[in-house]
Amino acid sequence: MIDEGLQNEMKKQGVFTTSLQDLYNWGRKSSVWPLQFGLACCAIEMIAASMARFDISRFGAEVFRPSPRQADLMIVAGTVTKKMLPQVVRLYNQMPEPKYVIAMGACAISGGPFKEGYNVLKGVDRYLPVDVHIPGCPPRPEALLHALMTLQKKIETDALTGEKRPRHLQADAPSEFPIPEFGEHDLVPSKNEQLWKPAPVVRNE
Amino acid sequence: MQSHPYLFLVVLTVAALLFALIPLALARLWAKTFSPRKPGPSKSAVYECGLESKPTGWIQFKSDYYIYAIVFLVFDVETIFLLPFAVAFKGLSIGGFAAIMIFLLLLVEGLVWACMKGVLKWK
């Protein structure tokens, strides 16, 4: 691993150095292929982001794949109902590693305006490891682009080896998350306990 | 010493093979080292639209469709051969004429058979 100060010094002299890890991450972050998958009105903003005016292809992410086998980013664009959730989790499971999730809009983050609905999931992060949350109802295409840039920054810092390497590089980490089933009253399980660890509610009497 | 006139073909073939195989081998090596395989029941599933595939693919196919196959052959495939037959009619030899007539007879037989079976009746 080259010293960062030396690398900067050499860059000033016109010598560009890189490491295999940086090269790999640069390639990955510049060609994120999202899954072509929209659930509600946020999908319209996602479509707008992929069109000429906002042009998501500036970030190398214009190749929306209709098959999960070829995608590495799932943009959860819209309200996730409990009826739809098993399909969402199954699609995520079918994506090859490394894979990332962007929760787009208030509904995907928390249920949004439909939070009190009996059939609406109160946040997709109960079942999927969300990397970037985008607030908004719906978020503008610029917000989606910002989320993509945030994700690219995250991919940039991924380690290839060592203890801090991400989940997909650990051979013993599971590749699939449990797909919930319809129970008597709610989805079973009602959340993925390993993933969803909300802060405890503190009530001030 | 003079080299073989086709030696360059061998050289180019080897170069083309290496050009294709070396990146594939490198990608395989990279995948083995830095991207552990992680198959699973839903990842290895055949269907990829999010839903589970429910019944098996081993269903009974209705054998009655053979009628459609025969009638299609009579009306469609015959037409394909009739036009070139009509265009080349004047220049045909006796052998060619006999061959196309036998071919037509075979198809007309099928048509007569289908007619007698009552397939062509509009019910």
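First, a word on scope: everything that follows refers to the structure included in this document.

Reading guide: rules and limits
As a convention, each chain's residues are numbered from 1 in the sequence order in which they are written. Lettering for chains starts from A, numbering for ligands starts from 1, and both go in the order in which the items are written. Where totals are concerned, whole chains, interfaces and linings use all residues; where local detail is concerned, this predicted model gives features only for residues with pLDDT of at least 70, and gives and counts side-chain atom pairs only at 80 or more. Computation of side-chain values: all heavy atoms of the structure, hydrogens and water removed. Here a helix means four or more residues in a row that DSSP labels H or I, a strand means two or more in a row labelled E, and each is numbered from the N terminus. Under the scheme applied here, a residue whose accessible area is under 20% of the maximum for its type counts as buried, over 50% as exposed, and between as partly exposed, the area being computed with a 1.4 Å probe on protein chains only. Contact definition: two residues touch when any of their heavy atoms are within 4.5 Å. Note on terms: buried area is the combined drop in 1.4 Å-probe accessible area of two parts once they are placed together, counting the loss on both. A side-chain nitrogen of Lys or Arg and a carboxyl oxygen of Asp or Glu constitute a salt bridge if their distance falls within 4 Å. Whenever a nitrogen or oxygen atom comes within 3.5 Å of another N or O atom, the pair is scored as a polar contact, on the condition that within protein one atom can donate a hydrogen and the other can accept it, and that pairs from neighbouring residues in sequence are kept only if both atoms are in side chains. The nonpolar class holds Ala, Val, Leu, Ile, Met, Phe, Trp, Tyr, Cys and Pro. Asp, Glu, Lys and Arg form the charged class, and all remaining residues, Gly among them, are polar. In this analysis, the expected span of each helix is defined as 1.5 Å times one less than the number of residues it contains. Fitting one axis to the seven residues ending at a residue and another to the seven starting there, the bend at that residue is the angle between the two axes. In this description, a nonpolar core means a group of buried Ala, Val, Leu, Ile, Met, Phe, Trp, Tyr and Cys residues linked to one another through side-chain atoms lying within 4.5 Å. What makes two strands pair is DSSP finding at least two bridges between them. Note on method: axes are straight lines fitted to C-alpha atoms, helices fitted across the in-contact stretch only, with angles between N-to-C directions ranging 0 to 180 degrees. For crossovers, right-handed means that the path from the first strand over the helix to the second runs clockwise, given strands pointing away from the viewer.

Examining the environment of Leu73 of chain B
All names here are of chain B. With respect to the helices and strands, Leu73 occurs in helix 2 (residues 66-87). Among the residues examined, Leu73 registers a relative accessible area of 43% and is labelled partly exposed. For the pair Leu73 and Leu111, spaced 38 residues apart in sequence, the C-alpha to C-alpha distance is 9.7 Å. Dropping the residues within four chain positions of it, Leu73 is found in contact with Glu78 and Leu107.

Observations concerning the interface of chain A and chain B
Every contact between the two is made by 24 residues of chain A and, on the other side, 18 residues of chain B. For the pair chain A and chain B, the summed buried surface comes to about 1,700 Å²; carbon and sulfur atoms form 52% of the total. Of all residues in chain A, Arg69, Arg90 and Glu176 of chain A bury the most surface against chain B, accounting for 29% of the area lost on that side. Between Glu48 of chain B and Arg69 of chain A there is a salt bridge; the shortest N-O distance is 3.0 Å. In this assembly, chain A and chain B are joined by eleven residue pairs in polar contact (both at pLDDT 80 or more). Elements represented by at least two residues in the side of chain A that touches chain B include exactly helix 2 (20-29) and helix 4 (85-94) of chain A. Here the side of chain A that touches chain B gets five residues from one element, more than from any other, and that element is helix 4 of chain A. Across the side of chain A that touches chain B, the residue classes break down as eleven nonpolar, eight polar and five charged.

Description of helix 2 of chain B
Residues and elements named next belong to chain B. Between its first and last C-alpha atoms helix 2 spans 32 Å; for 22 residues at 1.5 Å apiece the expected length is 32 Å, and the two agree. The principal kink in helix 2, of about 35°, is found at Thr79. Among the residues making up helix 2, those that are buried are Ile67, Val71, Val74, Glu78 and Phe85. Tucked into the core, helix 2 has its buried residues touching helix 3 (94-117).

Considerations on the nonpolar core
All names here are of chain A. Ranked by internal contacts, the top residues of the largest apolar core, which has 24 residues, are Leu73, Ile75 and Met104. When residues of this core are traced back to their parent elements, those giving at least two are helix 3 (42-50), strand 1 (73-77), strand 2 (100-104), strand 3 (132-134) and helix 6 (141-156). With residues up to four places along the chain from it excluded, the contact list for Leu73 reads Val32, Trp33, Pro34, Leu35, Met95, Tyr100, Val101, Ile102, Leu148 and Leu151. By size, the runner-up hydrophobic cluster in this structure holds 22 residues, among which are Val76, Tyr92, Val124 and Leu187.

A look at the sheet that holds strand 2 of chain A
All names here are of chain A. Spatially, 1-2-3 is the arrangement adopted by the three strands of the open sheet, whose pairing is parallel. The open sheet has two edge strands with one neighbour each: strand 1 and strand 3. Going from strand to strand, the sheet's axes swing by 15° on average, the running direction of each strand aside. For strand 1 and strand 2, the ladder comprises five bridges, and the chain directions are parallel. Paired with Ile75 across the strands is Ile102, a residue of strand 2.

Section: the pairing of strand 2 of chain A
Residues and elements named next belong to chain A. Where burial is concerned, most of strand 2 is hidden: five out of the five residues are buried. Here strand 2 shows two buried faces, one formed by Tyr100, Ile102 and Met104 and the other by Val101 and Ala103. On the question of chirality, the crossover connecting strand 1 to the parallel strand 2 by way of helix 4 is right-handed. In the sheet, strand 2 pairs with strand 3 via three bridges, with the strands oriented parallel. Bridging across to strand 3, Met104 finds its partner in Ile134. This β-α-β element, strand 2 to helix 5 (residues 105-110) to strand 3, shows right-handed connectivity.

All we've got here are geometric facts, nothing functional implied.
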